[in-house]
Amino acid sequence: MGFARTCAVALVGVEGVVVEVQADLEPGVAAFTLVGLPDKSLSESRDRVRAAVVNSGTAWPSKKLTVGLSPASVPKGGSGFDLAVACAILGATERIDPRVLVDLVMIGELGLDGRVRPVRGILPAVIAAADAGYEQVVVPECAAAEAALVPGVAVLGVRSLRQLIAVLTDEPVPEEAPDEQGRPDPLLAGLRVPGAGTATGMHTAQLDQGNDLADVVGQFSARTAVEVAAAGGHHLFLEGAPGAGKTMLAERLPALLPDLTRQESLEVTAVHSVAGLLPPGKPMIDVAPYCAPHHSATMQALVGGGPGVARPGAVSLSHRGVLFLDETPEFSSRALDALRQPLEAGHVVIARSAGVVRFPAKFLMVLAANPCPCGRFTQTDDFCECAPSAIRRYQARLSGPLLDRVDLRVRVDRVTRSQLTGFAARGESTATVAGRVRAARERAAARLADTPWGTNSEVPGRELRSRWHAERGAMDEAERCLERGVLTARGLDRVLRVAWSVADLAGHARPDATDVALALQLRTGVPRGVPMTIGAPG
């Protein structure tokens, strides 16, 4: 009788559970039994592993073979257990010393020819192994750079099962024939899953380095709102006619955000790794992601879910970045209302019969909408052909509770001829505004250094009212708006948060009456007689 064990990782969302893979050989009729709540793709590993072992030059045992995945109560899925199953079997046959396998964590899919293919979720799997105290992991060679992002873990990248057998038995490591030059490496297919992000419109700010905020003609009020949103992490609602520049402003917002810290980069990379959306050749995402799903996206595409194991949605793919919902009233009401919980909690919890999955979802949301179905309704002309009832129905698609969670509301007016032809003053560049945003974030970080919050938008209202006051009398007008019903209690707290962001941008120690008036103007959309510019157009 032979017995061996090694370890793999089962992913539940972006969290991992270390699974012990045990192989037991007993005399009897040759059979291969896999137990421990495997799903369909994992059950099929029996045929993949058998072919990979034989094609790697090792004999398959002609005995009763049982492979157990412990703990048996945790559902397990995917093909990432193949490598661990194969090595546990080889340990039971004593082709590999079983003692060598005990402290190893193995992650990878096996091809029928013995090649080791990458799978989704390498980074969160290695993080789970490190948290469990393991110091050595074996991963596919093309995913070794992603696994190496986790400190304190020795990573062994292998291209085939025969290479791993040679390493573990101190035999000469065989050289694998290189792929034909000029052709894509087929092993990289596991790092980016086709179709996994078709409904998200996901890309990173690095893909848009040619986009500059100075390209936006006019719209100084909207530019100020975008700057304040970037400085404090506030949600933004842009309403205006088609072609006024709402999408241009949203696309340039990620470049204003500071680069991600290492911890934030690991969080974002883990989500994108699970979704199979890591950019090729770049194992770590260090800039704010940008996600712009189409208005036909379902609720599952926005918040996550889907059949079988729940997958991250747009709110998680835009974690630590920007979620842009263009033509917001055209989204389904169920999908929009599902955003309320992640907007407040910073994460999304998806309950399924197989278990509960939790994905991070701390994002900056930008909504964009036309004033009416035809887009030409304004208070200054009569070009609109929509009936008043149609306008009311269109605007009512955005529920009050959702809009109450949006800190900034700005009307984006049509661009004038003088602005478009270049005779008007041009706005500041992305680099100039990003520098001011960076300085504002540093002021906020210094003020919130001993707290669990990093930006003004995260600070609870009770803490703002008790610890960080505005100047005396600065909040009088906002409090009168609360008494008249213009603001809710949540809205008053959000005005104070925005006022702190305006003060940080202006370099004030505390928000004064002008900062609060600008925050009120940005919150309600009602003019308060204060200039809508923080940086002068130049």
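Residues numbered from 1 in each chain as written. Predicted model: local features only at pLDDT ≥ 70, side-chain atom pairs only at ≥ 80, totals over all residues. Heavy atoms only, no water.

## Quick notes on the overall build of the chain
Of regular secondary structure, the chain possesses 22 helices and 17 strands. Within the span of the chain, comprising 538 residues, buried residues form 50% of the whole. When contacts within the chain are restricted to residue pairs at least 6 apart in sequence, long-range pairs at least 24 apart make up 72% of them. Summed over all atoms, the accessible surface of the chain reaches about 23,500 Å², with 51% contributed by carbon and sulfur. Distance between charge centres in the chain, computed from 56 positive and 59 negative side chains, equals 5 Å. (Helix = DSSP H or I, 4+ residues; strand = E, 2+ residues; numbered from the N terminus. Buried < 20%, exposed > 50% of the residue type's maximum accessible area, 1.4 Å probe, protein only. Contact = heavy atoms within 4.5 Å. Areas by Shrake-Rupley, 256 points an atom, 1.4 Å probe, with all protein chains shown as cover. Lys, Arg positive; Asp, Glu negative; His and termini not counted. Charge placed at Lys NZ, Arg CZ, Asp CG, Glu CD.)

## Topic: the pattern of salt bridges
If you walk through the whole model with that rule in mind, you get 25 salt bridges. Linking R340 and D337 is a salt bridge whose minimum nitrogen-to-oxygen distance equals 3.2 Å. R340 sits in the partly exposed class, given a relative accessible area of 26%. Linked through salt bridges whose partners overlap, the residues forming this network are E344, D404, R405, D407, R490, R494 and R523. (Salt bridge = Lys/Arg side-chain N within 4 Å of Asp/Glu carboxyl O.)

## A look at the pairing of strand β2 (residues 15–26)
Bridge count between strand β1 (residues 2–12) and β2: eleven bridges; the pairing is antiparallel. Bridging across to β2, C7 finds its partner in E20. Here β1 folds back onto β2, and the loop between the two strands holds two residues, one of which, G13, carries a positive phi near 70°. Across seven bridges, the pairing between β2 and strand β4 (residues 64–70) is antiparallel. Within β4, the residue paired with L25 across the bridge is L65. (Pairing = 2+ DSSP bridges.)

## Some words on the pairing of strand β11 (residues 236–240)
Taken across its five residues, β11 has five buried, putting it largely inside the fold. A two-sided burial pattern is seen for β11, the buried positions comprising L236, L238 and G240 on one face and F237 and E239 on the other. Sheet analysis places β11 next to strand β16 (residues 364–369), joined by four bridges and oriented parallel. Following the sheet pairing, F237 is matched in β16 by L367. As judged from the five bridges shared by β11 and strand β17 (residues 408–412), these two strands associate in the parallel manner. The residue of β17 that forms the bridge with E239 is R411.

## Examining the confidence of the model for the chain
When the pLDDT values of the chain are averaged, the result is 87; 90% of them are 70 or greater. Averaged pLDDT values for the elements of the chain fall to 50 in strand β10 (residues 202–204) and rise to 97 in strand β5 (residues 104–106). Across residues 194–201, confidence stays below pLDDT 50; counting only partners more than four residues off in sequence or on other chains, it has 13 contacts. Low confidence marks residues 204–208, where pLDDT is under 50. Its contacts with residues over four positions away, or in another chain, come to twelve contacts. (pLDDT = per-residue confidence, 0-100.)

## Observations concerning the environment of L164
Locating L164 in the fold gives a position in helix α7 (residues 161–168). According to the relative accessible area criterion, L164 is buried, its value standing at 0%. Residues L164 and V116 lie 48 residues apart in sequence; the distance between their C-alpha atoms is 9.6 Å. When near neighbours in sequence (up to four residues on either side) are disregarded, L164 contacts L83, C87, M106, V138, L156 and V158.

## Digging into the packing of aromatic side chains
With the rule as written, the count across this model stands at two aromatic pairs. Taking the centre distance of 5.6 Å and the plane angle of 45° together, the rings of F32 and W60 count as tilted. In this pair, F32 is assigned in strand β3 (residues 31–35) and W60 in the loop between α2 (45–55) and β4, connecting sequence segments 28 residues apart. Across the pair, exposure class does not vary: F32 and W60 are buried alike. (Phe/Tyr/Trp six-rings, centres within 6.5 Å; stacked < 30°, edge-to-face > 60°.)

## Some thoughts on unusual backbone geometry
Backbone torsion omega between S70 and P71 reads 10°, so that peptide bond is classified as cis. Within the element layout of this structure, P71 appears in the loop between β4 and α3 (82–92). Even without being a glycine, L37 presents a positive backbone phi close to 60°. Tracing the sequence through the fold places L37 in the loop between β3 and α1 (40–43). A relative accessible area of 45% means that L37 is categorised as partly exposed. Phi at D170 takes a positive value of approximately 60°, unusual for a residue other than glycine. Here D170 lies in the loop between α7 and β10.

## A short note on the packing of helix α8 (residues 220–232) against helix α18 (residues 430–447)
Relative to each other, α8 and α18 sit at 40°, their axes nearing to 8 Å. Regarding α8 and α18, the two cross each other, and that crossing is right-handed. Here E227, A230 and A231 of α8 come into contact with α18, specifically with V433, R436, V437, A440 and R441. Classifying every residue of the contact of α8 with α18 gives five nonpolar, no polar and three charged. (Axes fitted to C-alpha atoms, helices over the stretch in contact; angles between N-to-C directions. Left-handed = near helix turned anticlockwise from the far one by under 90°. Nonpolar A, V, L, I, M, F, W, Y, C, P; charged D, E, K, R; others polar.)

## Section: the side chain of K246
Residue placement: K246 occurs in helix α9 (residues 246–252). Look at K246: it is buried, it has no salt bridge, and the nearest opposite charge is D326 at 5.9 Å. Within polar-contact distance, the side chain of K246 engages the backbone oxygen of A241 at 3.0 Å. Once residues lying within four places of it in the same chain are set aside, the contact partners of K246 are L238, E239, G240, A241, F324, A368, A369, N370 and V412. (Polar contact = N/O pair within 3.5 Å; in protein donor to acceptor, adjacent residues only side chain to side chain.)

## Looking at the packing of α18 against helix α21 (residues 489–506)
Axis angle and axis distance: for two packed helices, these are the angle between their axes and the distance between the axes, and together they describe the pair. With their axes 8 Å apart at the nearest point, α18 and α21 run at an angle of 115° to one another. The handedness of the crossing between α18 and α21 is right-handed. For the pair α18 and α21, contact is made by R436, V437, A440, R443, A444 and R447 and by W500, D504 and L505, respectively. Here the residues of the contact of α18 with α21 sort into five nonpolar, no polar and four charged.

## Describing the environment of A449
Following the sequence through the fold, A449 ends up in the loop between α18 and α19 (461–467). Judged by its relative accessible area of 52%, A449 falls in the exposed class. The spacing of A449 and G111 is 338 residues in sequence and 50 Å in space, taken between C-alpha atoms.

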